[in-house]
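An overview of the molecular structure
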Amino acid sequence: MSTVSCQISMSLDGYVAGPDQSRQDPLGRGGLRLHEWFFGLDAWRERHGLAGGERGVDAELVEEMTRDVGAYVMGRRMFGGGDGPWDLDWTGWWGEDSPFRTPVFVLTHHPRETLVMRGGTEFRFVTDGLAAALRQAREAAGDRVVSVAGGASTVNQCLAAGLLDTLQLHVVPIVLGAGERLFEGVGDPRLEQVSVVAGPTVTHVTYRVRR
């Protein structure tokens, strides 16, 4: 059976997105700084169809955490397009050639037909909850990993329900002060530290989630 993992960038004060998220500012005020550590990596650039980039421990980690992913699960806000009924012109933040390259199961209250994108990405919209999305993702992934891509609400639901096997935090040395926060309403999950890797501008901490 596939394992369920999550890797996500987080500020020192626990936020994975800044305040006032919008179509124009999808990560909220200051939230883009959470991801600056990987924009220049060759592993990230390759998945976005770009040449060049930096090579080092951060790039190796990006490759490792995406190598065996067979399906993704994400929340409606991470896919974007606003709340309420769908604007069918909205096909995600990533353009036609999405970097996921596998089935992506989007949690939503509003039905929508599957979107087939270039490069192997399919966005499938699930209206009957997190457990159903994970079940479908496991079926699609087979023996490969199911990755919970975010946002904070979706990851917190997984932690509260005991549905994650591993959690990898990319701890960025910034303080956002407000926004979408991890570990809210999750109870008391048992986390066993597996590894800590220090990159030039970010610290990668991997936990096993104990059942």
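Here we summarise the structure given alongside this text. (Residues numbered from 1 in each chain as written. Predicted model: local features only at pLDDT ≥ 70, side-chain atom pairs only at ≥ 80, totals over all residues. Heavy atoms only, no water.)

What follows concerns the overall build of the protein. In terms of helices and strands, the protein carries six helices and eleven strands. Computed over the C-alpha atoms, the radius of gyration of the protein is 16 Å, within 12% of the 17 Å expected from 2.2 N^0.38 for a compact globule of 211 residues. For the protein, with 211 residues in total, the buried portion stands at 47%. Within the protein, residue pairs in contact and separated by at least 24 positions form 63% of the contacts whose partners lie at least 6 positions apart. Accessible surface computed for the protein: about 10500 Å², of which carbon and sulfur atoms make up 50%. (Helix = DSSP H or I, 4+ residues; strand = E, 2+ residues; numbered from the N terminus. Rg over C-alpha atoms; globule rule 2.2 N^0.38 Å. Buried < 20%, exposed > 50% of the residue type's maximum accessible area, 1.4 Å probe, protein only. Contact = heavy atoms within 4.5 Å. Areas by Shrake-Rupley, 256 points an atom, 1.4 Å probe, with all protein chains shown as cover.)

As a further point, take the sheet that holds strand S6 (residues 122–126). Here nine strands make up an open sheet; going across it, the order is S5-S6-S4-S3-S7-S1-S8-S11-S10 and the pairing mixed. The strands lining the two open edges of the sheet, one partner per strand, are strand S5 (115–116) and strand S10 (190–198). Taken together, the eight bridges between S10 and strand S11 (residues 203–210) define a ladder with antiparallel strand orientation. For Leu191, the partnering residue across the bridge sits in S11 and is Val209. (Pairing = 2+ DSSP bridges.)

The next point concerns the pairing of strand S8 (residues 166–172). Counting buried positions along S8 gives six out of seven residues, so the element sits mostly inside the fold. Inspection of the sheet shows strand S1 (residues 4–11) paired to S8 by seven bridges, in the parallel sense. Across the sheet, the residue bridging to Ser5 is Thr166, located in S8. In this structure, S8 lies alongside S11, joined through six bridges in antiparallel fashion.

This part covers unusual backbone geometry. As a rule of thumb, non-glycine residues mostly have phi less than zero, and peptide bonds are mostly trans rather than cis. A cis amide bond, omega -5°, links Gly150 with the succeeding residue Gly151. The backbone of Asp20 sits at a positive phi, close to 65°, despite the residue not being glycine. With respect to the element layout, Asp20 can be found in the loop between strand S2 (15–17) and helix H1 (36–39). Residue Asp20 is classed as exposed on the basis of its relative accessible area of 52%.

Glancing now at the pattern of salt bridges. The final tally for this structure, using the stated rule, is nine salt bridges. Arg29 serves as the salt-bridge partner of Asp20, at 2.8 Å between the closest nitrogen and oxygen. Here the two residues Asp20 and Arg29 agree in accessibility, since each one is exposed. Among the salt bridges present, the one from Arg124 reaches Glu122, with a minimum N-O distance of 3.0 Å. A residue is classified by how much of its surface remains accessible, and Glu122, at 26% relative accessible area, is partly exposed. Taken together, the shared-partner salt bridges connect Glu192, Arg208 and Arg210 into one network. (Salt bridge = Lys/Arg side-chain N within 4 Å of Asp/Glu carboxyl O.)

Before going further, it helps to spend a moment on the environment of Leu130. Along the chain, the position of Leu130 falls in helix H5 (residues 130–141). On a C-alpha basis, the gap between Leu130 and Gly53 in space is 36 Å, while along the polypeptide they are 77 residues apart. Among residues more than four places away in sequence, those in contact with Leu130 are Val73, Leu107, Thr154, Gln157, Cys158 and Leu163.

Quick look at the state of the cysteines now. Counting across every chain of the model gives zero disulfides. We note that Cys6 lacks a disulfide partner, and the nearest cysteine sulfur, in Cys158, lies 7.5 Å from it. For Cys6, a relative accessible area of 2% puts it in the buried group. With a relative accessible area of 0%, Cys158 lands in the buried category. (Disulfide = S-S within 2.5 Å.)

This next bit is on the packing of aromatic side chains. Here the structure, examined in full by the defined rule, presents twelve aromatic pairs. On the numbers, 5.3 Å between centres and 75° between planes, the contact of Phe38 with Phe39 is edge-to-face. Judged by its relative accessible area of 15%, Phe38 is buried. Seen from their ring centres, Phe100 and Phe123 are 6.2 Å apart, and the 80° between their planes marks the pair as edge-to-face. Taken together, the residues span a long stretch of sequence, with Phe100 in the loop between helix H4 (76–79) and strand S4 (103–107) and Phe123 in strand S6 at a distance of 23 residues. (Phe/Tyr/Trp six-rings, centres within 6.5 Å; stacked < 30°, edge-to-face > 60°.)

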